[in-house]
Amino acid sequence: MDKFYITTAIAYTSKTPHIGNTYELVLTDAIARWNRFIGKDVFFLTGTDEHGQKIQEIAEAAGITPQQHVDRIAGEIKDIAKMLNISNDKFIRTTDDYHMKAVQGIFKRLYDQGDIYKSEYEGWYCTPCESFWTETQLKDGKCPDCGREVKRTREEAYFLKLSKYQDRLLQYIEEHPDFIQPESRKKEMVNNFLKPGLQDLCVSRTSFNWGIPVEFDPGHVIYVWIDALSNYITALGYTTGEKGELYQKYWPADVHIIGKDILRFHTIYWPIMLMALGEPLPKQVFGHPWMLFGEEKMSKSRGNVIYASDLVGRFGVDAVRYYMLHEMPFAQDGTITYDVFMSRYNSDLANTLGNLVNRTVAMVNKYFDGVIQPGDVSGDFDGDLKNTALTAVKNVAESMKSLHVADSLDHIWTVVNRANKYIDETTPWVLAKDEAQRGRLGTVLYNLIECIRIIAALLSSYIPDTSARIAAQINASALDFDSLSNFGATEAGVKVAAGEPLFARIDIEKTMKEIEASMAAPEEPAVPEPEHKPEIDIETFAKLEFRVGKVLECEKVKRAKKLLKMQIDLGYEKRQVLSGIAQWYAPEELVGKRVVVVANLKTAVLCGEESRGMILCASEGDQLTIVTPEADIPLGSEVR
RNA sequence: CGCGGGGUAGAGCAGUUUGGUAGCUCGUCGGGCUCAUAACCCGGAGGUCGUGUGGUUCAAAUCCCACCCCCGCAACCA
């Protein structure tokens, strides 16, 4: 039997995941279930990534231990998986004992063979926060957390030699055109990272301790990459000693399903780790798109977070699964709104599918006391109906092979639509009036039941509960993949159940009002309390020198998206200042404007241009405006 | 001139690799039917396929060129 090993990324346990985060679970589940359905020996892994500084901080802020915090979130994630009917075979947590041991082993092995070496990591250090920040994480050159000064510091750290393997990886990617999916992402990886040359990766930290310790060097903690990525093999029992039975059987992974944002880690760092370990690489990595809420990314601060439980509670698991699987494009971000959700629910699930099952079962009950008749009196339209059903089976298999899950559902719906049409064509209610047409009527209903059986079987990978409910209504026995190769596995003489609607239609207007009411309730109209910076004394403030200036010239900085370069007249001198406000101001708008310049800020170089000072701007969310003196005052006047 | 993706009916998408004047779902309008969850079936309207009235070609949404807009990634929002 063919094996099939599929994984999701492990979810970071910093906070409760929203619906967008859970999309990956459902998508992966559908693919896993389908492969099981067609007879593969599937191993489906998911889990949680539980280490790191951020978790340590969140736990500290909440006054609990990191372990308590991750236990809680991991529990929530497991509950969500359960609620969504996720059929994972295993749930790994990076705090699991066996994983931590295996990771230590991997780290040691890579160190012993020289692929990991000790060096120094240079970054910006904030003493009060005991945190390292990279250049890009800094806010205005200060600690992004507390806003205080940071120091250029070095710390000891271990590095993984990526450069050593980059040519081999490039070759692998070129020789395996399907390795990175979708295609567009592959170019991004190759052109942005591989071709310019890889920098060795820092794989340890000393700045926090919530992580897996480097066993031969206490004080160092293994940083996220080696810890998290290796879950895919440690979950199968891989260690640098014993490789484990599951590992022998299932590795390499057939596909890693991950968010497009972490493609780099999975297509560069992870393969290189495996190469260094001498293990085979995963066959495919699929970076799925994101599910957005309306036009925007979901985020708490925007107040537009939808949790899976909200939707499941209101509409049921399968409606949620159906929406996610059907409405998400293959390679572009998709959106979820209550409006679209409900109209898909009504049209696809309640009307087209639900009604087909309902009307068919009702007719079997009405005309034959619920007993399925033999399908032996064929007539017009039968051929096309059968053909549509059997072709759909092939089409679904085909699109699932290339992970086009949404297309698969479309293929199933062609059968649903064809069956609905068949009812209109054959008009069973007319046949029922003519005793001589008894046999034909039985056959028509038989064919419909058989179609419904095929539909139920095909749906089992996507909306398993509904699939089971349909099967129960028609009392179907054969639901396996092999039974789909021929039309006619339904047994005559079997009794159907009393009809019962699969999906009750939603009153969209009414429901929308309910949703709006429930969302509006906890809304706070006031401006939320901002995060404050530490108090300073007047002496500290006096160190700042603000002066009024006038913009003489302004132009965009080439090679930069956000940067404007302006020449500012301060009265006593002219100087060049760069500002990242191109998004809000066109260069010509600013010429002639008076601005407030921080005059004693250290000169910096941005995109190869010197910037001597900064201009003050007020900003909130995505709004921004420059600060300008209210009345005329000589250039160079000090502001305080 | 950093790398890449996208711009197709009111909405959401497919089609672009292997050129042949456009397709799916929802919505909308009209008709049919009554087995069924005011559901189902049929038909119509609606698109100069981002712009250039560009190039190649007998023929371009599809190939080439230029430009505009959106989105990722990278890079600096002093």
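Throughout, a residue's number is its position along its own chain's written sequence, starting from 1. Chains and ligands are labelled by the order in which they are written, letters from A for the one and numbers from 1 for the other. Given that this is a predicted model, residues contribute local features only at a pLDDT of at least 70 and side-chain atom pairs are listed and counted only at 80 or more, while totals for whole chains, interfaces and linings are drawn from all residues. Excluding hydrogens and water, the side-chain figures rest on all heavy atoms present in the structure.

S.K.: Just to check I follow, could you spell out the pattern of salt bridges for this structure?
M.R.: A pairing counts as a salt bridge when a side-chain nitrogen of Lys or Arg comes within 4 Å of a carboxyl oxygen of Asp or Glu. For the structure shown, the criterion picks out 29 salt bridges. Of the charged contacts in the structure, one is a salt bridge between R344 and E327, with a shortest N-O distance of 3.4 Å. Placement of the pair is R344 in helix α13 (residues 338–368) and E327 in helix α12 (residues 317–327), with a sequence separation of 17 residues. Put simply, R547 and E545 hold a salt bridge, and the shortest N to O gap is 2.5 Å. Summary of the burial criterion: residues with accessible area below 20% of their type's maximum are buried, those above 50% are exposed, and those between are partly exposed, where the area comes from a 1.4 Å probe applied to protein chains only. E545 gets classed as partly exposed once you look at its relative accessible area, which sits at 24%. Residues participating in the shared-partner salt-bridge network are E545, R547, E638 and R640. Note on conventions: DSSP H or I runs of at least 4 residues are helices, E runs of at least 2 residues are strands, and numbering of each starts at the N terminus.

S.K.: Is there a simple way to think about unusual backbone geometry in this case?
M.R.: Negative phi is the rule for most residues except glycine; trans is the rule for most peptide bonds. In this structure, the amide linkage connecting W251 to the following residue, P252, adopts the cis form with an omega of 5°. Structurally, P252 can be placed in the loop between α9 (245–250) and β13 (255–259). With a phi angle near 65°, N85 is a residue other than glycine that sits in the positive phi range. Along the chain, N85 falls in the loop between α3 (66–83) and β4 (90–93). Taking relative accessible area as the criterion, N85 reaches 22% and is therefore assigned partly exposed. Of note in the backbone geometry, N475 takes a positive phi value of approximately 55° without being a glycine. Relative to the helices and strands, N475 resides in the loop between α18 (464–474) and α19 (508–520).

S.K.: What is the right way to read the environment of D227 from this model?
M.R.: One can find D227 in helix α7 (residues 224–229). In the structure, D227 is positioned 15 residues away from I212 in sequence and 7.4 Å away in space, judged by C-alpha atoms. Sequence-distant contacts of D227, defined by excluding residues within four places in its chain, comprise H51, T94, H99, V103, I212 and I222. We call two residues contacting when some pair of their heavy atoms lies within 4.5 Å.

S.K.: Please explain a nonpolar patch on the surface as it appears in this structure.
M.R.: A contiguous nonpolar patch, built from I536, I538, F541 and L544 and spanning about 370 Å² of accessible area, is present on the exposed surface. Mapping F541 onto the fold places it in helix α20 (residues 538–542). The class for F541 is partly exposed, based on a relative accessible area of 32%. The patches reported here contain residues having more than 30% relative accessible area and no salt bridge. Joining distances are 9 Å for like charges and 5 Å for nonpolar side chains (Val, Leu, Ile, Met, Phe, Trp, Tyr). Here, Shrake-Rupley sampling with a 1.4 Å probe gives the accessible areas, and only protein chains in the shown set may cover a residue.

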